[in-house]
Amino acid sequence: MNKMKKYIAIALLSGAFFTSCGEYNKVLKSTDYEYKYEAAKSYFGKGQYTKASALLEELITILKGTQDAQESLYMLAMAYYNQGDYISASHYFTTYYNTYPNGTYTELARFHSGKALFLDTPEPRLDQSSTYSAMTELQMFMEYFPNSKRKTEAQLMIFGLQDKLVMKDYLTAKLYYDLGTYTGNASYTADMRINGNNYLACITTAQNALKDYPYTGMREEISILLLRAKHKLGSESVLEKKEERMRETIDEYYAFKNEFPESKYMKEVEDIYKDASKYVKELNE
């Protein structure tokens, strides 16, 4: 039995002593830090993480430099983790492995720091800064512990985070596509307005997503959006750019067809090809 499991078992056996609200208040006021630490372990062992974390917040400074320093800091991080306060948990896990790079719980601290950030990441439409932080933390865990039994779980979390970033890029590209064309400053007279479109931004975003995440499961969805955007860009271009962009659409058609020969979008893809080919043919007759 490892050290953490051992003290939890002891705490569970003695936990009945720290059950009442009155007893907890007594613990809070106590200046007997050994007694207070045993109480914190008891609360942790019984799953009363709010009480445990409140005591441990005070104790980690007092216990610094003692034989209980590592255990108390790791236990505080786990108490927050088990409460679902993942930001605080990751902070204390990070504090642990920076303070004790070769500590008893360093592997666990690095893993749970990354997992805590993973669990705190937002849905794809929101800012993904924390997603990048979670990926970095999990990648660092695998670099430090390449043979860890938790490596597979860490890798799966990274894949999940990458999927979230791909979805973010896809939604951004689709937004550009849906916005389509626009007209410049409406305060200008009609002949002075500057016309434009968002298709080029869609194309750039989609291409970057395919480049950055070549193995994404959303590759087909991004690729059809890219083809649609190139066709729209060509269709709505000024005359001097239209042929070039229609030829780029045809090139994109072949790339899509080669990669997704059984695509559910094939009828639409063929229609795009026919339209682009017809224009190029008529222009060169």
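All values reported here derive from a predicted model rather than from experimental measurement.

Some remarks on the nonpolar core
Counting 33 residues, the largest nonpolar core has Leu55, Leu56, Phe93 and Tyr96 as the members making the most contacts within it. Of all the secondary structure elements, the ones that give two or more residues to this core are helix H2 (21–29), helix H3 (33–45), helix H4 (49–62), helix H5 (69–83), helix H6 (86–99) and helix H7 (106–120). It is H5 that provides the largest number of residues to this core, a total of ten residues. Each residue touching Phe93, except ones within four places of it in the same chain, is listed here: Tyr74, Ala77, Met78, Tyr81, Ala109, His112 and Ser113. Among the nonpolar cores identified, the runner-up in size contains 29 residues, and Leu117, Met135, Ala206 and Ala229 belong to it.

Quick look at helix H10 (residues 199–212)
For H10, built from 14 residues, the straight-helix expectation of 20 Å at 1.5 Å per residue is met to within 8% by its first-to-last C-alpha distance of 20 Å. Burial in H10 covers these residues: Tyr199, Cys202, Ile203, Thr205, Ala206, Ala209 and Leu210.

Considering the packing of aromatic side chains
Applying the stated criterion across every chain, the model contains 17 aromatic pairs. Ring centres of Tyr24 and Tyr43 lie 5.4 Å apart, and the angle between their planes is 80°; this geometry places the pair in the edge-to-face category. Note that Tyr24 is positioned in helix H2 and Tyr43 in helix H3, a separation of 19 residues in sequence. With respect to burial, Tyr24 and Tyr43 carry one shared label: buried. For the ring pair Tyr253 and Tyr273, a centre distance of 4.2 Å and an interplane angle of 20° mean the geometry is stacked.

Focus: the packing of helix H12 (residues 239–259) against helix H13 (residues 266–283)
Put simply, H12 and H13 touch, their axes get as near as 9 Å, and they point 145° apart. Of the two possible hands of crossing, H12 and H13 adopt the one that is left-handed. The segment H12 lies against H13, with Leu239, Lys242, Glu243, Met246, Arg247, Thr249, Ile250, Tyr253, Tyr254, Phe256 and Lys257 engaging Met266, Val269, Glu270, Ile272, Tyr273, Asp275, Ala276, Ser277, Tyr279, Val280 and Leu283.

Description of the side chain of Arg110
Inspection of the secondary structure puts Arg110 in helix H7. No salt bridge is formed by the buried Arg110; the nearest opposite charge belongs to Glu137, separated by 5.0 Å. Residue contacts for Arg110: discarding those within four places in its chain leaves Tyr97, Glu137, Met140, Phe141, Tyr144 and Phe145.

Focus: the pattern of salt bridges
Following the criterion strictly, the structure yields twelve salt bridges and no others. The salt bridge involving Glu38 is made with Lys41; its shortest N-O contact spans 3.1 Å. Remark: Lys41 and Glu38 occur in helix H3; sequence separation between them is three residues, near one turn of the helix. Given a relative accessible area of 11%, Lys41 falls into the buried group. Note that Arg247 is salt-bridged to Glu243, the shortest N-O span being 2.9 Å. Note that Arg247 and Glu243 are positioned in helix H12 at a spacing of four residues, about one turn of the helix. Classification of Arg247 as partly exposed rests on a relative accessible area of 39%. Judged by its relative accessible area of 24%, Glu243 falls in the partly exposed class.

Procedures and definitions
- Residues numbered from 1 in each chain as written.
- Predicted model: local features only at pLDDT ≥ 70, side-chain atom pairs only at ≥ 80, totals over all residues.
- Heavy atoms only, no water.
- Core = buried A, V, L, I, M, F, W, Y, C linked by side-chain atoms within 4.5 Å.
- Buried < 20%, exposed > 50% of the residue type's maximum accessible area, 1.4 Å probe, protein only.
- Helix = DSSP H or I, 4+ residues; strand = E, 2+ residues; numbered from the N terminus.
- Contact = heavy atoms within 4.5 Å.
- Expected span 1.5 Å × (residues − 1).
- Phe/Tyr/Trp six-rings, centres within 6.5 Å; stacked < 30°, edge-to-face > 60°.
- Axes fitted to C-alpha atoms, helices over the stretch in contact; angles between N-to-C directions.
- Left-handed = near helix turned anticlockwise from the far one by under 90°.
- Lys, Arg positive; Asp, Glu negative; His and termini not counted.
- Salt bridge = Lys/Arg side-chain N within 4 Å of Asp/Glu carboxyl O.

These figures come from the coordinates and say nothing about function on their own.
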